[in-house]
Each structure stands twice: as structure tokens, then as C-alpha cells.
Amino acid sequence: MKFTPQHDQMDCGPACLSMIASHYGKEYSIQFLRETCYLTREGVSLLAIVQAADKMGMTTLSAKLTVDKLIELVLSSQVPMPCILHWNQSHFVVLRKINRNSLTRKYTFQLADPGHGFITLSQDKFEASWLSEDKEGVAMFVEPTPKFYELNPQKNVKFSIRYLLDYLIPFRKHLSVMLILLLIGSGLNLIFPFLTQDLIDKGINHKNLNLIVLILIAQLSLFVGVIVIEILRNWITLIVGAHLSINIISDFLKKIFKLPIKFFDSKMVGDLQQRIQDNERIEHFITSQSILTVFSMITFIVFFGVLCYYSYEILAIYLVLTIVAVFWSFAWLKKRKIVDYFRFQEQSRNQSSIYEILNGVTEMKLNQLEDYKRNEWEEIQKKLFKINIRILRLDQFQNSGFEFFNQLKNILVTCLAAYFVVQDKMTLGQLMSVSYIIGQMNSPVNQLVTFFRSLQDARLSLERLNEVQQIAEEEQPNQIHLLDKSLNEHIERHGIQINNLSFQYQGPMSPFVLKDIDLFIPEGKVTAIVGISGSGKTTLMKLLLKFYESVQGDIFYNEYNINELSAKSLRENVGVVMQDGFIFSDTMERNIATSDSTIDNERLQQAVQIACIKDFIEELPLGYKTKIGSIGNSISGGQRQRILIARAVYRNPRYIFLDEATSFLDAKSEKMIHDNLKKFFVGKTVIIIAHRLSTVKNADQIVVLEEGKIVEIGSHEELTHKQGAYYQLVKNQLELGN
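Residues numbered from 1 in each chain as written. Predicted model: local features only at pLDDT ≥ 70, side-chain atom pairs only at ≥ 80, totals over all residues. Heavy atoms only, no water.

Labelled according to an unreviewed UniProt entry, the chain appears under the name ATP-binding cassette subfamily B protein, originating from Microbacter margulisiae. One UniProt comment on the chain, placed under Subcellular location (unreviewed entry), says "Cell membrane". (UniProt positions renumbered as here; feature names shortened; annotations may be inferred.)

Below is the structure:
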């Protein structure tokens, strides 16, 4: 079975499925399994894993068992192995094998933990993590069917070194200059051993002070030349490195902006932040390690030829032991690769924890959650410490073995060279030159090992960045623009038509959030959607904005299916106020005008007047130039909602969607804004979601949702007269009598 580490915090379920599939000879990409498991920020459920396994052509059997029963089933081969276990009530691992010690008669359990690696636990430790309070644990047994072997899984996209080379193409001139400097530097280094030999044999042995002074001056000049070349190389490295870092992260940001909204539903903030920070390792590899390794290899080749000139016997010993030392180092790289995945995962958790602490400090203090969150952060640090210990242990084994073979090589070479001097096969000056050459050749070998370690780090980082690059973009070729003139031709009925719409968040076995919705939203009219919390109102709006795709049914904008429309063009024509609308860390005017490079002052004034926030802005110290916080710091909830309303109005859109847009406002302010909006709504298609029914009673049509289904449609008068679901909402809210 091939071990699959979890790339992100919530990937344990998909990683376990990947390992099970590899056991039966199939390789599935983590991204494919994420999508198949309907992964969210809360992780993945056992039900979702069952659904994904079914799509992969596997049968599953889930059960709650005691440890004794599990041992009995596994050792008697009554169930297929390996299997998936629910671990610590919040994680999934793969149980590979159960063994019994023939001497102690105790059982040990071999596991593959996506967040830790291959581990073996005693029965006590196994029970502590697997069993719940009722002394039973959940296991899912997975077995392939003929369909499993017929399917062709989506393969992992392998990292290619060409991905890096594409970033280097714009810097050809800089790299050419650097290569020339490297060659000059290598040429200068080539002269040193011969100067050292002449210093000993011709200068010191013959007591020729003039020659000694001349050689020392030559050596000093060469050192100055090498230093100048090093300074120039560092400048070029800095220039290339800075631009590379910008380009790599810019490409990453460009890509994530093009991804569908559902992608971000399964990503923690720390996962994305850690991917961005990975660029430091990539930049270090390209600009420092790669260039330094090229320089070192050129130096190595030069001194290789010189050493061969002096003694091929010494060269042979040097090569054999160097190859042994390098292979020793390479043998530890694979283990280090796995541990690096775990470090990424814990660093990601650390980023998310710090983000939550800094942004939730007020709620934490109000609810006395400080100690709990601090202890939670400390636990993450302890895990990071353990991972760093594992990395240190691997590095020590790797470096100690490498240094042992390296020093053994140096000793043997020195002994052989000394023997040649004693036998008059080599002069003392040549011995000193050989010692100098060996010292100079050791550095490139060390650099080569460091290079491959850095390559592995950069490769892992690039795989994580590249993983995002492989996800399909939201915008597809040949999609229709919402303002295309052809959309207005030969249309019988203008508006938004919803036919038999159903939606689930977590796959076909999860509950329906919306079920069999049939609705027509007429163009130029106001439609209100009401219902208790959890009835599916916001989800319906998100589907209209193309955040998600429906699992059944269709949405049409003027008889054009939403799937054929460009999501970007759709949102360009919609002014939206969401419940969790975001306030940017920028000026008031920029928060309202958003993407306009040149702010239209007339539209800005109209927007702030409609949103009833003009007086508040003008009272601020810098007026419209006043900066506000990234999440609305220093403004109240009501002011925040007014800014969001002003933002939607400023765009002067064709469609307006308001989701609880005035929920934080008092009744007087809410009435003033709605009175202003009435005039603005003229000729626009408006959808309003609200709990306060007083704000929607003047809508042209009111839609009542219950448990994801439409139960009533009509005007306020029609629905109150009907005395159905809408009437009950009004009665409960306004305390009306019968």
C-alpha cells in the first residue's frame, strides 16, 4: 500500500480512500477524492466516504465494534483488509494489519495515519484513540467490485521541472551574465592549486622570497576577483529572486480568483496562507540553491580534471567514497518528504489558530475562552515540536553518515598522498595542492546534497501550489455574456425561471437543502423570499449567483440556462448584499466604489444618500478618505450594512439581491432606507430575503419556503387572507390576533 499524506487539514478521509485504492492497484488524485467526498471546512463524514467509495466501484460495510470483535474478524479473514477507522472522534486512519506477539501474546496494530505516517500501536494505545465512551469504535470495511477495475481513475498531475523553467525564461539575460561570472570564478579558482604548488616547491624549498611575494600578491588578486564576482552574483540573485517570488504568488492568486466559490468551502485560511508562504522555499531553491549548485558543479569539474592530472589513484578513492556518502544522504530524502507534509499540515493549523485568535479576541474575552484557545494553540506547538524533532533526527542520521564517509575519504586521500610523497612519487607542493583541491571538491558535494534536499522541499511546495493550478476554472470558453443583445430577442417572458430545482451540499445521501423548486421571478419586479432560519433562502440566492451547481433542475435568465452564462458577467450585473458581506481595509469611498479605477462622484453621492450613510461619512475626520478595518472595525453592524447597501446601489445593476440587508438597523432607519430603495428598484429585478416581514409586505410577490420547499406564493394581502404559512409568520412576529 502506498502511503498518501493529507495535504490540507481536512484531507484525512480522501487520503485514506487513496491508500485503500492503491492497495488494490489504483491511484486516485487527492483533488478528485476531495470532490467525490464533498469535502467542507468541517471535514468529511463517514457517509461521504461511503458515497465516494461507491463511485470508485467499491462496496463498503460500516459497523460499531469492540476491539475483541475487530481482532476476531480481522485475524479470521472474515472482513477485507485494509479498512478505515474513525480515529479520536475527529479523524480517519487506515488499519493495515493486526499482529500477535508469539511470546507476549499481546496484539499490535499497524496503521497508516494520513497526518503522521505508518505507525504501530499497542492495544492500550489503540483502544484509547479508537474506542468511544461506549467501548466501541467505528470501522468501515472496503472491498473492490469488478467495476473498480474497469474504471480509469483521474491521475495525479506530476510536477515537472519545466514548470520552474517557464518562470526563468524572462530572466535569460540575468542568468547569462551570472553564468559568465560563474565561469570566470571557476577559472580563477583553477589557478589556486598551481600557485600553492609553486609557493611550496619553487618558493619555500628554493628560499626564493621574490617568488613567494609574487605568488602571494597573485593569490590576493585572485581572492579580490572572486569577492567582486560574488558581490555581483548576489545582486543578480536578489533581483531575479524578488521577481520570481512576485510572479509565482501572483500566478497563484490569479488562479484562486478564477476558481468556483465551492473550492473555498473546503479550505481553511491556514491552508491557503501556508501555500503562499511556500513560495519562499521555491524562490530559495531557484535563486540560491540552483545557481550555487551550478557554480559548485563547474568548480567540481574543474578540480576533478586537476586532481586526475595529479593522481588517478587518489581520484578513484575520492569518487568511490563520495558516491557512497551521496547515496547515504539520498536514502533519507523519502522519509523526510513524508515528514514535510506533516509539518505543512501543522503549520497550516497554526496559521488558522493565530488568525482565529487575533480576529476573535473580543468574543473570546466576552466568553472567557482565552485559556481554552491558548491551550489549543499550545497543543499545535507541541505537535510542531514533535515533527521538528523527527526532522532533526532524520537530518542528524543523514548528516552524520555523510560526514563519516566524507572524513574517511579525506583521511584515506591524505594518507595516500603522504605515502606518495614519502615514495618520491609526489612533491610536498603537490601534496598541499591535492589537499587544497580535496577541500574545494568537498564543498560542491555538500552543495549537491543540499541542492537535492532543497529540490525536494521546493517540489513539495510547488506540488501544493500546482495542485490548485489543476482545478477547473469557473469561467469556461464560449459562455454567454448576460448583456448579449441576443438574450433580448424572441423572448416570451422576461425574468428568472427556476424549474424543478433541488440542491444538496454533501452528496446524494445528504439531506436536501432545496427540493423541487418551481418559481418565476418577473423582470422589473420585487420578489421577497421569507421563511424560518434553515429553510434554504440564502442557498437559493447563492444558486442564482452561480456559487454552486444544482443537483437537479435548471435556472434560466431570460430563457438562457445559467450553466451557459459567464459567472463573471452574471455577477457584473447583480448588486448583492449578503449576510456576511465583507468590509475591506480601505477608504470609505473605495469600499463603496470597489473595482472602479476612477470613482464616479455623482453615483457615489446617490449611493450614500439611498443608504442613509452620507451624514455619518461626512462627520468622519477624513470623510470619504477615512480608512476602515479589514472586517469592519470601528464601525457598527448597522453602519456596515449601510456601506454594503451603498456598494450595491453604486453599481446601478440590472439585478439586486438583498439577503437580510437591514437586519442590524432600527425600525426607523430601516424604513428610511427601504423608502429610498423603492425609487431605485424601479425597472430592476429585485430579490429580497428578510426575517422582518414589514420590509417585504410591499413586494410584488412573496415566496414562502419551509424545509427547502415552496409552500406559498402571492402578495402580502393574498397570503394573509389565505391564513397559511405566511400568515403564521406574520402572526408570530407581529403578535396579530386571529
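Picking up after the structure, the text goes on.
Asker: Is there a simple way to explain the overall build of the chain in this structure?
Answerer: When its secondary structure is counted, the chain shows 26 helices and 18 strands. Overall size of the chain, expressed as C-alpha extent along the three principal axes, is 120 × 75 × 55 Å. Here the chain, with 738 residues, has 49% of them falling under the buried criterion. Sequence separation of 24 or more characterises 75% of the internal contacts of the chain that already satisfy a separation of 6 or more. Summed over its atoms, the accessible surface of the chain is roughly 37100 Å², and 57% of this surface lies on carbon and sulfur atoms. A gap of 5 Å separates the mean positions of the 78 positive and 77 negative side-chain charges of the chain. (Helix = DSSP H or I, 4+ residues; strand = E, 2+ residues; numbered from the N terminus. Buried < 20%, exposed > 50% of the residue type's maximum accessible area, 1.4 Å probe, protein only. Contact = heavy atoms within 4.5 Å. Areas by Shrake-Rupley, 256 points an atom, 1.4 Å probe, with all protein chains shown as cover. Lys, Arg positive; Asp, Glu negative; His and termini not counted. Charge placed at Lys NZ, Arg CZ, Asp CG, Glu CD.)

Asker: Mind showing me how you'd approach the pattern of salt bridges here?
Answerer: Summed over all chains, the structure comprises 16 salt bridges. The shortest N-O distance in the salt bridge between Lys678 and Asp675 comes to 3.9 Å. Placement of the pair is Lys678 and Asp675 together in helix α24 (residues 667–680), with a separation of three residues, close to one helical turn. Under the relative-accessibility criterion, Lys678 is labelled partly exposed at 44%. Under the relative-accessibility criterion, Asp675 is labelled partly exposed at 30%. Each of the salt bridges in this network shares a partner with another, and the network as a whole consists of Asp371, Arg374 and Glu378. (Salt bridge = Lys/Arg side-chain N within 4 Å of Asp/Glu carboxyl O.)

Asker: Hey, could you run me through the domain arrangement of the chain in this one?
Answerer: It is common to give the size of an interface as the accessible area that goes away when the parts come together. Taken domain by domain, the chain holds domain 1 (11–150), domain 2 (161–470) and domain 3 (495–736). Taken over C-alpha atoms, the centre of domain 2 sits 55 Å from the centre of domain 3. Facing four residues of domain 2, the contacting portion of domain 3 comprises four residues. Each partner contributes to the roughly 370 Å² buried at the junction of domain 2 and domain 3, and carbon and sulfur atoms together form 58% of this total. Here domain 2 and domain 3 share zero salt bridges between them. (Domains from an automatic or database assignment. Buried area = accessible area lost by both parts, 1.4 Å probe.)

Asker: Can you walk me through the environment of Tyr28 in this structure?
Answerer: Inspection of the secondary structure assignment puts Tyr28 in the loop between α1 (12–23) and α2 (30–36). Judged by relative accessible area, Tyr28 falls into the buried class, the value being 3%. Sequence separation between Tyr28 and Met578 is 550 residues, and the spatial gap between their C-alpha atoms is 37 Å.

Asker: Just to check I follow, could you spell out the environment of Leu307 for this structure?
Answerer: Considering the arrangement of structural elements, one finds Leu307 in helix α12 (residues 279–310). We classify Leu307 as buried; its relative accessible area is 0%. For the pair Leu307 and Val434, spaced 127 residues apart in sequence, the C-alpha separation works out to 6.8 Å. With near-sequence residues (within four places) excluded, Leu307 lies in contact with Ile314, Leu315, Val434, Ile437, Ile438 and Met441.

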